[in-house]
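Structural overview for review
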Amino acid sequence: MPFEHPYLPQTPSDEAAMLAAIGVSSIADLFQHIPAELRLTGKLDLPDHLTEMELKDEFQALGNANQSTGRFDNYLGAGAYEHYSPSAVRHLLSRSEFYTSYTPYQPEMTQGVLQALFEYQSCVCSLTGMDVSNASLYEGGHALAEACLMAHARTGRNRVVLSAGVHPESLQVLRTYTRNLDTEIVVAPLGADGRSDPAALKALVNDATAALVLANPNFFGVIEDGAPFAEIAHAAGALFIMAVEPVSLALLKSPGECGADIACGEGQSLGIPLSYGGPYLGFLAAKMELVRQMPGRICGQTKDNRGQRAFVLTLQTREQHIRREKANSNICTNQTLLALAATIYLGAVGPQGLKEVASQGARKAHYLAAELSKIKGVKVRYSAPWFNEFTLDVGVDSGPVLKAMQAKGILAGVALSRYYPDRGHEILVAVTEVKKKAKLDRYAAALREALA
């Protein structure tokens, strides 16, 4: 990709002019207030500066070292999925009034940004079956952590019980968020069929529990029934949180239908490219009675003094807007551009289109799983129903198998040993609507050769 920004070096005469303007004779004079024993006396151990042409070549070489999923037949998932994004998404995002907008410090002056966020919130509420959504968070793990903090603030309790089906990276984010808080995090194992065990979770929920957390589909692709877990949480006076994959909600019951108090998740599937892992989009929605515990901002709709539709920043419980000790969260901004991307995507595909995306992914994933199960020594790990992602046991160490598949131009899945060292034979395979039957058959043939 060609450089779009000029290379602007500062010459010695430029430096001399700037120093003269501020009334000092050298750059060293700017550091006189620092004790001499703390100042660097020699040169930094850095390479010599480069010319503009050399710098461009250096960055081009670094960029070429990346392996783009566009060069492979991609079956990676585990929270980041290859979906088709209509061209309208990128086209509209390229409008300068969207990609240059920032935090609306005078919000009612930026009606376009407020309307975009209001429509985004409406889409999230429609998908999740919740009453209110905030104006987005950084990514899925952040959304889960904020949901648990909401439960803590609402209940005054410090125990969070999670199913082992929650994404392990989200669990890491939660542990980081709560490391300096008096929070107890407890993880319940899955049942043999890959679903969360209600009895195991019920045994861990007590009167100190702020929240019970369930992922659907869970990290291993398995579909969960949220209703029994909502009953367990509510019987103990705890909140029920569901971390959900948004495309799946076109086919599965929404968190609201399952009795959840808070819904959260990663919105990357909604028209946002993989982009080497980010930036992505965290979404968070809840029942109306929890609105005062929600982090970030909430945009609302009203009428102006002429009776016309208008938008306002209804709540802004972040530390830059109110007293820090009263803030619900220290989130400083949101993913407005990516929230807009998700809104455009949902508007472009519509409810029926999203259902088709979900249906195609599920059908194609089950076709591939059936073909792979015909290979000797290969089996789908869990018997419970699953959506468009499944855990595959290849019978041998998955590392060499994945390398052999990559050599054939196929990113065959995510090695579960990355998260669970004792699961060296298993990979997580994701299939979306972009895969054609010929590619699925090619995957099966390549795996058969790799295991021969």
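This text follows the structure it describes.
The text that follows walks through the structure, step by step, so that each part is easy to find. None of the values given here were measured: they were computed from a predicted structure.

Quick word on the overall build of the protein chain
- Along the backbone of the protein chain there are 13 helices and 15 strands.
- Sorting the 452 residues of the protein chain into buried and exposed places 47% on the buried side.
- A sequence separation of at least 24 residues applies to 71% of the contacts in the protein chain between residues at least 6 apart.
- Of the accessible surface of the protein chain, which amounts to about 23200 Å², a share of 55% is contributed by carbon and sulfur atoms.

With respect to helix α7 (residues 168–177)
- Residues of α7 that are buried include every one of Pro168, Ser170, Leu171 and Leu174, and no others. Summarising the axial view, the buried residues of α7 lie within an arc of 155 degrees, below the 170-degree limit, and thus occupy one face. The exposed residues of α7 that point more than 90 degrees off its buried face are Gln172 and Thr176.
- Contacts from the buried residues of α7 go to α6 (140–155), β3 (159–163) and β4 (184–188).

Topic: the sheet that holds β4
- Within the open sheet, the 7 strands sit side by side as β2-β8-β7-β6-β5-β3-β4. Their pairing is mixed. Pairing within the sheet leaves two strands with one partner each, and these edge strands are β2 (132–133) and β4.
- Bridge count for β3 against β4 is 5 bridges, and the pairing is parallel. Along β4, the bridge assignment pairs Val161 with Val186.
- Of the strands in this sheet, β2, β7 (262–266) and β8 (282–286) are in contact with helix α5 (residues 111–128), which crosses β8 at around 65 degrees.

A short note on the environment of Gln308
- Among the structural elements, Gln308 can be located in the loop between β9 (297–303) and β10 (309–316).
- Overall, Gln308 belongs to the partly exposed group, its relative accessible area being 41%.
- Along the backbone, Gln308 and Lys439 are 131 residues apart, and their C-alpha atoms lie at a distance of 52 Å.
- Each residue touching Gln308, except ones within four places of it in the same chain, is listed here: Thr302 and Lys303.

Things to note about the nonpolar core
- Grouped together as the largest cluster of nonpolar side chains are 57 residues, with contacts concentrated most on Leu212, Phe240 and Leu270.
- It is helix α11 (residues 336–372) that provides the largest number of residues to this core, a total of 12 residues.
- Those residues in contact with Leu212, other than ones at most four positions away along the chain, are Val161, Leu201, Val205, Phe229, Ile232, Ala233, Leu239, Phe240 and Ile241.
- Cys148, Leu174, Ala243 and Met294 belong to the second-largest nonpolar core, a separate cluster that totals 32 residues.

Points about the packing of α11 against helix α13 (residues 437–450)
- One way to put it is that α11 packs onto α13 with a least axis distance of 10 Å and a crossing angle of 25 degrees. In this view, α11 runs roughly parallel relative to α13, as classed from their interaxial angle. Seen from above, α11 lies across α13 with right-handed handedness. Taken together, the residues of α13 that come into contact with α11 (itself represented by Lys364, Tyr367, Leu368, Glu371 and Leu372) are Lys437, Leu440, Asp441, Tyr443, Ala444, Leu447 and Arg448.
- Considered class by class, the residues forming the contact of α11 with α13 number 7 nonpolar, no polar and 5 charged.

What to know about the layout of surface pockets
- Estimates place the volume of the second largest pocket at around 660 Å³.
- For the second largest pocket, the lining is made up of 24 residues, of which Ser85, Arg90, Gly271, Ile272 and Pro273 are closest to its centre.
- Elements with a minimum of two residues in the lining of the second largest pocket: α3 (87–93) and α11.
- The element contributing the most residues to the lining of the second largest pocket is α3, with 4 residues.
- Along the lines of polarity and charge, the residues of the lining of the second largest pocket split into 14 nonpolar, 8 polar and 2 charged.

Details of the sheet that holds strand β15 (residues 426–430)
- Here 4 strands make up an open sheet; going across it, the order is β11-β12-β15-β14 and the pairing antiparallel. Two strands bound the open sheet, and with one partner strand each, they are β11 (379–380) and β14 (414–415).
- Two strands pair when backbone bridges link them, and strand β12 (residues 389–393) and β15 are joined in this way by 5 bridges, in the antiparallel orientation. For Phe390, the partnering residue across the bridge sits in β15 and is Val429.
- Its contacts with the sheet put α11 on β11, β12 and β15, and the angle it makes with β12 is roughly 10 degrees.

Remarks on the pattern of salt bridges
- Within the structure shown, the criterion is met by 15 salt bridges.
- With its nearest N and O atoms 3.7 Å apart, the salt bridge here joins Lys435 to Asp73. Residue Lys435 is located in the loop between β15 and α13, and its partner Asp73 is located in strand β1 (residues 73–74); the two are separated by 362 residues in the primary sequence.
- Through salt bridges with shared partners, a single network forms among Asp73, Glu82 and Lys435.

Regarding helix α9 (residues 227–235)
- The set of residues buried in α9 consists of Phe229, Ala230, Ile232 and Ala233. Down the axis of α9, the sector holding all buried residues measures 160 degrees, keeping them to one side. Among the exposed residues of α9, those oriented more than 90 degrees off its buried face are Glu231 and Ala235.
- Elements in contact with the buried residues of α9: α8 (198–204), β5 (209–216), β6 (239–244) and α10 (255–258).

A look at the pairing of β15
- Of all 5 residues making up β15, 5 are buried, and the element is well covered by its neighbours.
- Of the two faces of β15, the one lined by Glu426, Leu428 and Ala430 and the one lined by Ile427 and Val429 are each fully buried.
- Relative to β15, β14 is paired through 2 bridges, and the arrangement is antiparallel. The residue of β15 that forms the bridge with Ala415 is Ile427.

Calculation criteria
- Residues numbered from 1 in each chain as written.
- Predicted model: local features only at pLDDT ≥ 70, side-chain atom pairs only at ≥ 80, totals over all residues.
- Heavy atoms only, no water.
- Helix = DSSP H or I, 4+ residues; strand = E, 2+ residues; numbered from the N terminus.
- Buried < 20%, exposed > 50% of the residue type's maximum accessible area, 1.4 Å probe, protein only.
- Contact = heavy atoms within 4.5 Å.
- Areas by Shrake-Rupley, 256 points an atom, 1.4 Å probe, with all protein chains shown as cover.
- Arc of directions from axis to C-beta.
- Pairing = 2+ DSSP bridges.
- Axes fitted to C-alpha atoms, helices over the stretch in contact; angles between N-to-C directions.
- Core = buried A, V, L, I, M, F, W, Y, C linked by side-chain atoms within 4.5 Å.
- Parallel < 35°, antiparallel > 145°, perpendicular 65-115°, else oblique.
- Left-handed = near helix turned anticlockwise from the far one by under 90°.
- Nonpolar A, V, L, I, M, F, W, Y, C, P; charged D, E, K, R; others polar.
- 1 Å grid on protein atoms, 1.4 Å probe; cavity = no way out; pocket = protein on both sides within 12 Å on 5 of 7 lines; lining within 4 Å.
- Points joined across faces, edges and corners; volume = space filled by probe spheres on them.
- Salt bridge = Lys/Arg side-chain N within 4 Å of Asp/Glu carboxyl O.

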